[in-house]
Structure formats: C-alpha cells, structure tokens
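# Descriptive structure summary
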Amino acid sequence: MKSEKITKLILLIASVIILLIFSGMAWSMVKGAIPAFGKFGFFGFIFSTEWNPTEDHEVYGAMPFIAGTLITSLLALIICFPLSFSTSLFIAEYFRKKRIAVVLGTLVDLLAGVPSIVYGLWGFYTIRPLIASLGFEGQGFGIFTSGLILAIMIIPYATSISNEIISMVPNELKEAAYSLGATRLEVITSVIIPNSRSGLVAGYILALGRALGETMAVTMLIGNANIIPKGLFSPGNSMASVIANQFGEADGLKLSALIAIGLLLFAVTALVNATGKMIIRKFA
Amino acid sequence: MIAYGKDKSAVRDVTADIKRNAITAIMGPSGCGKSTLLRAINRMHELYPNIRTEGEIELNGESIYKMSTTKLRRKIGMVFQRPNPFPTMSIYENVIAGYDLNGSKLKKDQKDAIVESSLHDVGLFDEVKDSLNKKGNFLSGGQQQRLCIARALAFKPEVILMDEPTSALDPLSTAKIEDLLVELKNQYTIILVTHNMSQAARISDNAMFMYLGELVEYDKTKKMFTNPSDSRTEGYLTGKFG
Amino acid sequence: MDNNAIINTTDNSNWRELKSKLFLGIVILLSCITISPILLILYELISKGIKQINPDFFFKVAPDTLQAMTAVRNGEILPGGIANGISGTLLMVALAALIAIPVSIVIGIFLYENQGKKYANLIRTLTDILQGVPSVVLGLISYIWIVQGVTKGFSALAGSVALAIMMLPLIIRSTEETMKMLPISIKEAAAALGVPYHKIILKVMIPSGFSGLMTGILLSISRVIGETAPLMLTTLGSTAINLNIKKPTSAVPLQIWEFYNNPNMIDLVWSSSLFLLGFVLTLNIIAKRISLRYN
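Just so it is clear, the model here is predicted, and its values are computed rather than measured.

### With respect to the overall build of chain A
- Helix and strand counts for chain A stand at eleven helices and two strands.
- In sequence order, chain A lays out its α and β elements as α-α-β-β-α-α-α-α-α-α-α-α-α.
- With the C-alpha coordinates aligned to their principal axes, the bounding extent of chain A is approximately 75 × 75 × 30 Å.
- Per-residue burial over chain A gives 60% buried out of 284 residues.
- In chain A, once contacts between residues fewer than 6 apart in sequence are set aside, the share between residues at least 24 apart is 71%.
- Surface summary for chain A: the accessible area is close to 11200 Å², and the carbon and sulfur share equals 68%.
- Put simply, chain A has 19 plus and 15 minus side-chain charges, and the middle of one group is 11 Å from the middle of the other.

Have a look at this one:
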C-alpha cells in the first residue's frame, strides 16, 4: 500500500497550490500597496477623494472609485432583480419543464457567454446614444449607463441560482396552498418566496460580487472621471476600470496606488462571495 | 373521464353520488386512478399541463367547473399523503393560512377563535397551546398531519378530500387520525383515498373499489366487505392482487 | 367550538384571479425584456460584422492606420484581419490550459476524496472565493509575479498565468462534482480487484468522468477566451504574429480594444467581436452537447 500513500501525498501537495496562490496573492498585493498606504495612510488612502497623478504633486485617494464601484453595482442589482426574478419564475415555476422555458433558459445562458468587451461595445454604440437622446449631460456616459449594462451582465448568474432555488420548493407545499384556494400569485408570495428567501438572497449577493469586479464594459461606459459621482447620470469611475485604464503608464507611487485599489477590490469581492457561498451552503 | 396527455385515460366511467356527513373510502391497487379521481374533485389536476377531463362533477347540484377554483377549494378542503405544514409559518399562521392566503381581513380575536376551534376539532389544541407562535417543525408526524387537517377545517369546508392521509404515519398516530375522522364526519363530508383495506373497513361508511381506472363497485362498506357483487372486488379484498 | 367562528368574508376571488393573471403578464413581459439584449447584440454583431469576414480576416494581421484610412476614404472594406490576435489567443489559452488542467483535476480529486474534512473544506472555500476574484485583479497579480518577476516585460506567459488562475477554480469544482456523480461501485469494483489507488484514479475514475471533465474544461476555456482586462495588464498586444511566450502578444479581445480606440478601424471591431462571440458560443454549445450525450 505504499503507492496509495504516495498518491494521497500528491493529491495533498496539489491542494497546497490553492493555499500558495491565495496567500501569494494577498502577500504580493499588500507588499505592492505598502508605498501608497505608507504615504497617505490606510484610511487616508481609502477616504481621500483626490486623484492627481501630476508629477511632484502626486496625490492618490480611492474614494471616487470605491463610490463608483458600489453605486454602479448596487444600481445593477436593483435593475437586475425584477428582470432575473421574473425570468426565474418563468423558467422554474410558470413554464417549468416546458419547451419555451428551455429556450428562455438557453438564451439567458448565452448572456453569460458574451465577453465583457462586447457588452461594452454594445453599450457604447446602442445604449449610450439612447441615454444621451433622453437629454442627459455627458453624451450618455456615466453611472446609469454602466449600471444598466452591469445589470444585463449579472442577469444570467442571478437567474441560474434563483432557478435552482425556486425549483427546490417542495411541490407538496405549493399544492397545500392551492388546496386552500390560493391563486398562483398568492402561492408565489406566500409559499415560494418565503421558502426560498435565503437562497435568493445568496444568489443576488453572488451576482453583486460579479458586478463589483466587472472591468471592460464599465471602463467603456462610465466616463472615466476620477470624481465621486454627483448623480445617476453623472460620469465617474470604478475600482476595476481605473486599474485597467491607468495601468499602462503607471509606475512608482501610482502603480502602488493601483495595486492598493486592486487589494481593496480583492478583499471586498472575497468577502461578498464568501458570504454568498456560506448562505447557499447553509441553505442546501 | 380524466386523461393524461393525448389518449391514455387514467379514470373513466365513474358515476357516483357521494353521501353527506359520511366517510366514503376509495380503494384499489396502486395506479388504479383513485388519487387522480380525488384530485379532480377540487380541480387540483388543473395545476398540471396535459391533463384532460370530460364529464361533470357537482357540489350541491352546482357544477364545480362553473365556480372559480379559489371558491371551489374553500368549499372542498384537502389533506395530503405526507404532512405538509408551511415550514416558514408558525402553528398559528398555518391554521389561519387559508384566510391569509385568500386575503381575508380578520380581526385578531376572530382569528384567535378560528385557530382555537380548529385546533380543538383535531384534538391538538392542548398539545400546542403554549407554542402557537413557534414553527411546527418540532411536532411529530401525526401532530403535523393533524395540524394540516386543522388548516383545512379552518375554512369550515363542506367536503374534505384525504389522499392516503395516514400512509406516512406510525400505527399510533394513524389510530388517532382515524378516530378524528369518525368524529369529524358529523360536521363534514369526507372522501378518503386509501390503499389500506382494513382502514376502509374500520372507518368508512361507503366504499368505492376502483380497478384500472374504472369504478368497479360502489356500495355500503359493510356490504362490500361481506358480500361484494363483483368478482374483481372480491379478488382484491381477499388479497388475490393489489 | 361553536359556529360563530365561521367568518363570512366577501368573495374577492375574481379580483384575486385577475391580479394573479396580471402578475403573470408582468412576468412574461419582464422575461422578454431579459432576453432582448442577447438577441439585439447578436443582431448588431452579425449585421455590422459579417461583411468583414473573409479569408484575409483569418490569415492576415491587422492593417496599420494608413491602410485603414485609405480603405475608409475609398469606401472599401478594411484590408487585413486578426491573424495576430487569433494566434495570440490560441497560444495563451493553450498554455493556460496546459498549466491549469492537470493541477485542477488533481485538486478536484483531492476535494472529492476528502469530503467533509476541515482542511478540504478550507481549500474548497478558497477555491470558491478565487472564482469570484475579478479578472483585472488576476491581471495585476500576474503582472507582479510574471511581468516584473520572470519575463521582465509584458509577455504571453504573463497573460497565460492570469488566465490559468481564472480557469483553476472552474475546473476544480467541475471535477469534484463529476467525481461525486460517478457511482461509488465502479471505484469499489476496481479496488476489489486489487488495483492500486493511483491506477483507480487514472484508469477508472478519470476515464469514467471524462465527459464531465471535458465539459468543465471547455466551459472554463470559453470563460477566459473573451477576457480583456487581465491581458491589458500582462501581454500588452502586438501588431505581428508572435509565438514567443516571453514576448508581448496580441489576442482577439485586445485587438477589439485597439480597433475600438481607432476610429478608422471600427468595421473590424464588429467582425472581430462577431468572431469572438461565435467562438465562445460554439465552445459553450459543444460543452453542453458533451454533457448531454454522456449523462
């Protein structure tokens, strides 16, 4: 049985790779971020709203990007919810196992396959002019346009989780409600939703995690103004897109500031995803 | 006639007059269509696609197909094979669920009265009166099933359909529920699907025997068990098949 | 109790049925809105991109600005294609797959073999978290590790490493799920015959779960093939075909980004996006087919 021990050892060693990647990521980013944190202070960096890369006047603060990321992602979640929840009800409740539900499910899955940059292009050439024609400032760039595209991008994730959760609600509970004279809507509001609530919440938390880290589509639509957005249609910038945008010409303190933003983004998405997964695991 | 899909008919040629304030048992081997027939009475089959029905079912001379399902199901309650209290609701909320689902606006004391009387009717009140606001998941299977019966009774329906209500319970709980049914028939008309012949013999007044989707025999229970008129009924009752 | 408990509530069933039907109407309407973007995107890419799809598109490198300007002025279709992007994408994805697949399958088997153990649960949780790390952050990491640390400059290798880290969690979890679905009896049958443990894994479990593993691998490739942000940080791009993993390299999504930033090359944006989306969706469909056929 010596070979069995060796095999188990190989499996164990492979699993260590995940630990190494994870701790290596944290270590490298903390190390890279230290100059920025050292110069501006940890909280000073996070809460400062100034971003000025001019030489000798370099000041870097993450707040505009944190704000932009949070606002666009939450907006995306708000827009996504009614759409994906309706779609889940369509697929997992109203037309369950029917051909039309399979077709709809496939189309929603296709949304997940569209690369971020293609969403950006479509947003730029189709959605942005639409928003601009509504008469808002800034040629249609800004928080709302990014949030809208992000909403479309996270729909497949939110939908596929809610589909699973909704179809797990036991049939006998639905039948019990029907036998008491409930209408379909009443079955949905008083049986399906209460029985799947925590799973649905987890699904939307995971979808939020997706939105927080999306880069290209947001970069192409948010307007890339390094300010705290003043309104729904104001331009802004997000953590992911400032990294993508300004990385090319970055070195020294600026590079460190970008790495620091990357570290914050890593921490926030890790936290959000861990929470979502934890709820799902408890639910299942 | 009730058919699944295009041409496979599950139940056909059933004509029967169900007696008021009595327990009518529907017996037969599994797959004979007894549950299907029961579910047609409160139109539960309409929840599923591709099920066709032909014919007429009347309640007090009124066609059930002329009523809305919501209205019909308030008059005809149902209890299922496995206890299915709503896990997200307290015991109290479970009993009153029918009213809440139907959007009835009741005063607190009206609700209290309904909950208390319904739980009394199923003999559960004393056992749960201190934990009405707790979720029902700590109850035993038999208690849960009685809670489900209370939930159906809360509406004071005219008819209660029971789809093998004791098949998931232990003998002691089963005996309790059987006693309860005998008590309840003074106020309600009960239609009971059972695969358990001795249960039908113990508590039902009338019995139907179904075989391969047909109603073979419908008579007083006593008569059917002592002197069945159809050889297939006799075969089933004496254990030749089923 | 007494019959006073019977409450005669007014019959509101018609209104309730109507509300229920209205809600169904809203659900159908919102579902149609949900799927409209994918149809609109497909329509836009096909209608604007198809005219540039020709043999040159696949076999020639991108035109320079002057060539593009001339073509635009003469109203011709743009010369050249995305051969440098296609070759770069194939190179980097192949390298990433080479790095990620063996490691992920072994880790996936580790997780399967150690169900319920604390350490394995930790690894599983970290894998799940890794799956949620934004791709741009993985680009940063690969920049620090490979661009600064190994190749001392932008390189295909750095891009591959970023993509490989993205692929890891996807293949690990799909491997574990596949293994869980295999009947335990086939493992026991092999063990009963005295087959050594590593041979059970290599000769029994992996072949039996082949379709599941394949599905996971194809889906992970389709996930990373359209990634732009991590490549912007690691491989930079190149106007020529490059197969040296230590050198800057182009990729199809990177080229889309370059075309997007160059007003003269806008037609190529649509055709290369159409190509990329077509590629991704084809991979997806093949993956689904495989998993359908074998399950």
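### Some thoughts on the domain arrangement of chain A
Residues and elements named next belong to chain A.
- Under the domain assignment used here, chain A contains domain 1 (2-52) and domain 2 (65-283).
- On the side of domain 2, 17 residues touch domain 1, which itself brings 16 residues to the contact.
- Contact between domain 1 and domain 2 buries roughly 1400 Å² in total, counting both sides, with carbon and sulfur atoms accounting for 86%.
- Sorting the residues of domain 1 by area buried against domain 2 places M29, F45 and W51 first, and these three jointly supply 44% of that buried surface.
- Seen at the junction of domain 1 and domain 2, the total is four residue pairs in polar contact (both at pLDDT 80 or more).

### Quick notes on the packing of helix 4 (residues 83-113) of chain C against helix 12 (residues 252-260) of chain C
All names here are of chain C.
- Helix 12 packs onto helix 4 with a crossing angle of 145 degrees between their chain directions and a minimal axis gap of 7 Å. Contact residues: N84, G85, I86 and T89 in helix 4; V252, P253 and Q255 in helix 12.
- In terms of residue class, the contact of helix 4 with helix 12 is made up of three nonpolar, four polar and no charged.

### Looking at the confidence of the model for chain A
- For chain A, the mean per-residue pLDDT works out to 93, and 99% of the residues sit at or above 70.
- Per-element mean pLDDT across chain A ranges from 90 in strand 1 (residues 51-52) of chain A up to 97 in helix 3 (residues 63-94) of chain A.

### Let's talk about the pairing of strand 8 (residues 159-163) of chain B
Residue and element names in this part refer to chain B.
- Most of strand 8 is tucked away: five of the five residues are buried.
- Here strand 8 shows two buried faces, one formed by V159, L161 and D163 and the other by I160 and M162.
- Looking at chain direction, strand 7 (residues 76-79) and strand 8 are connected through four bridges and run parallel. Note that in strand 8 the partner of V79 across the bridge is M162.
- Judged from the five bridges that link them, strand 8 and strand 9 (residues 189-193) form a sheet pairing that is parallel. Bridge pairing in strand 9 places I160 opposite I190.
- Tracing the backbone out of strand 8, into helix 7 (residues 171-184) and back to the parallel element strand 9 gives a crossover that is right-handed.

### Focus: the nonpolar core
- Of all hydrophobic cores here, the largest spans 217 residues; its most connected members are F45(A), Y119(A), I261(A), F86(B) and V136(C).
- When residues of this core are assigned to domains, at least three fall in each of domain 1 (2-52) and domain 2 (65-283) of chain A.
- Residues in contact with F45(A), not counting those within four places in the same chain, are A36(A), F37(A), F40(A), Y60(A), G61(A), A62(A), M63(A), A257(A), A260(A), I261(A) and L264(A).
- Counting residues in hydrophobic clusters, the runner-up holds 35 residues, among them Y99(B), I114(B), V128(B) and I149(B).

### Comments concerning the pattern of salt bridges
- One pass over the structure, following the stated rule, counts 30 salt bridges over all chains.
- The partner of R43(B) in a salt bridge is E46(B), with the nearest N and O atoms 2.7 Å apart.
- Residue classification places R43(B) among the buried residues on the basis of a relative accessible area of 10%.
- E46(B) gets classed as partly exposed once you look at its relative accessible area, which sits at 37%.
- Note that E176(C) is salt-bridged to R124(C), the shortest N-O span being 2.9 Å. With E176(C) in helix 7 (residues 156-181) and R124(C) in helix 5 (residues 118-132), the pair connects residues that are 52 residues apart, well separated along the chain.
- One salt-bridge network, held together by shared partners, links R281(A), R124(C), D128(C), R173(C), E176(C), E177(C) and K180(C).

### Some words on the packing of helix 5 (residues 116-133) of chain A against helix 6 (residues 143-167) of chain A
All names here are of chain A.
- The N-to-C vectors of helix 5 and helix 6 enclose an angle of 135 degrees; their axes lie 10 Å apart at closest approach. Compared by their axis directions, helix 5 and helix 6 come out oblique. The crossing of helix 5 and helix 6 is right-handed. Where helix 5 approaches helix 6, its residues S116, Y119, W122, G123, I127, R128 and I131 are matched on the opposing element by F144, T145, L148, I149, I152 and M153.
- Among the residues making up the contact of helix 5 with helix 6, the classes are represented as nine nonpolar, three polar and one charged.

### Let's talk about a nonpolar patch on the surface
Residues and elements named next belong to chain C.
- Judged by side-chain polarity, I46, I50, I53, F58 and F59 come together as a nonpolar surface patch covering roughly 480 Å² of accessible area.
- Mapping F59 onto the fold places it in helix 2 (residues 55-59).
- The class of F59 is exposed, set by a relative accessible area of 67%.

### Quick word on the interface of chain A and chain C
- Facing the 76 residues of chain A at the interface are 77 residues of chain C.
- Seen at the junction of chain A and chain C, the total is three salt bridges.
- R281(A) is paired through a salt bridge with D128(C); the nearest N and O atoms lie 2.6 Å apart.
- When residues of the side of chain A that touches chain C are assigned to their parent elements, the largest contribution, 19 residues, is made by helix 1 (residues 2-40) of chain A.

### Concerning empty space enclosed by the protein
Residues and elements named next belong to chain C.
- Scanning the model with the defined rule gives four cavities of 30 Å³ or more in all.
- Looking at the largest cavity, its volume works out to about 50 Å³.
- I86, T89, L90, I225, V252, F275, L276 and F279 are the residues that line the largest cavity.
- Breaking the lining of the largest cavity down by element, the ones donating at least two residues are helix 4 and helix 13 (266-294).
- Considered class by class, the residues forming the lining of the largest cavity number seven nonpolar, one polar and no charged.
- For the second largest cavity, the calculated volume is near 40 Å³.
- Surrounding the second largest cavity, T89, M92, V93, L163, V224, I225, E227, L231, A251 and P253 form its lining.
- The biggest single contributor to the lining of the second largest cavity is helix 4, with three residues.

### Considerations on helix 4 (residues 108-121) of chain B
Residue and element names in this part refer to chain B.
- Taking 1.5 Å of rise per residue, the 14 residues of helix 4 would be expected to cover 20 Å, and the 20 Å separating its terminal C-alpha atoms lies within 8% of that figure.
- Taken residue by residue, helix 4 has K111, I114, V115, S117, S118, L119 and D121 as its buried positions.
- Against helix 3 (91-101), helix 5 (125-128), helix 6 (141-153) and helix 7 lie the buried residues of helix 4.
- Phi turns positive, to about 70 degrees, at G123, one or two residues after helix 4.

### A word on unusual backbone geometry
- Unusually for a residue other than glycine, K97(A) sits at a positive phi of about 65 degrees.
- Looking at where K97(A) falls in the secondary structure, it is placed in the loop between helix 3 and helix 4 (99-113).

### Considerations on the side chain of D230(B)
Residues and elements named next belong to chain B.
- Structurally, the position occupied by D230 is in the loop between helix 9 (221-226) and helix 10 (231-237).
- There is a polar contact of 2.8 Å between the side chain of D230 and the backbone nitrogen of R232.
- In this view, D230 contacts V216 and E217; residues no more than four positions away in its chain are not counted.

Conventions used here
- Residues numbered from 1 in each chain as written.
- Chains lettered and ligands numbered in written order.
- Predicted model: local features only at pLDDT ≥ 70, side-chain atom pairs only at ≥ 80, totals over all residues.
- Heavy atoms only, no water.
- Helix = DSSP H or I, 4+ residues; strand = E, 2+ residues; numbered from the N terminus.
- Buried < 20%, exposed > 50% of the residue type's maximum accessible area, 1.4 Å probe, protein only.
- Contact = heavy atoms within 4.5 Å.
- Areas by Shrake-Rupley, 256 points an atom, 1.4 Å probe, with all protein chains shown as cover.
- Lys, Arg positive; Asp, Glu negative; His and termini not counted.
- Charge placed at Lys NZ, Arg CZ, Asp CG, Glu CD.
- Domains from an automatic or database assignment.
- Buried area = accessible area lost by both parts, 1.4 Å probe.
- Polar contact = N/O pair within 3.5 Å; in protein donor to acceptor, adjacent residues only side chain to side chain.
- Axes fitted to C-alpha atoms, helices over the stretch in contact; angles between N-to-C directions.
- Nonpolar A, V, L, I, M, F, W, Y, C, P; charged D, E, K, R; others polar.
- pLDDT = per-residue confidence, 0-100.
- Pairing = 2+ DSSP bridges.
- Right-handed = clockwise from strand over helix to strand, strands pointing away.
- Core = buried A, V, L, I, M, F, W, Y, C linked by side-chain atoms within 4.5 Å.
- Salt bridge = Lys/Arg side-chain N within 4 Å of Asp/Glu carboxyl O.
- Parallel < 35°, antiparallel > 145°, perpendicular 65-115°, else oblique.
- Left-handed = near helix turned anticlockwise from the far one by under 90°.
- Patch = residues over 30% accessible without salt bridge, like charges linked within 9 Å, V, L, I, M, F, W, Y side chains within 5 Å.
- 1 Å grid on protein atoms, 1.4 Å probe; cavity = no way out; pocket = protein on both sides within 12 Å on 5 of 7 lines; lining within 4 Å.
- Points joined across faces, edges and corners; volume = space filled by probe spheres on them.
- Expected span 1.5 Å × (residues − 1).

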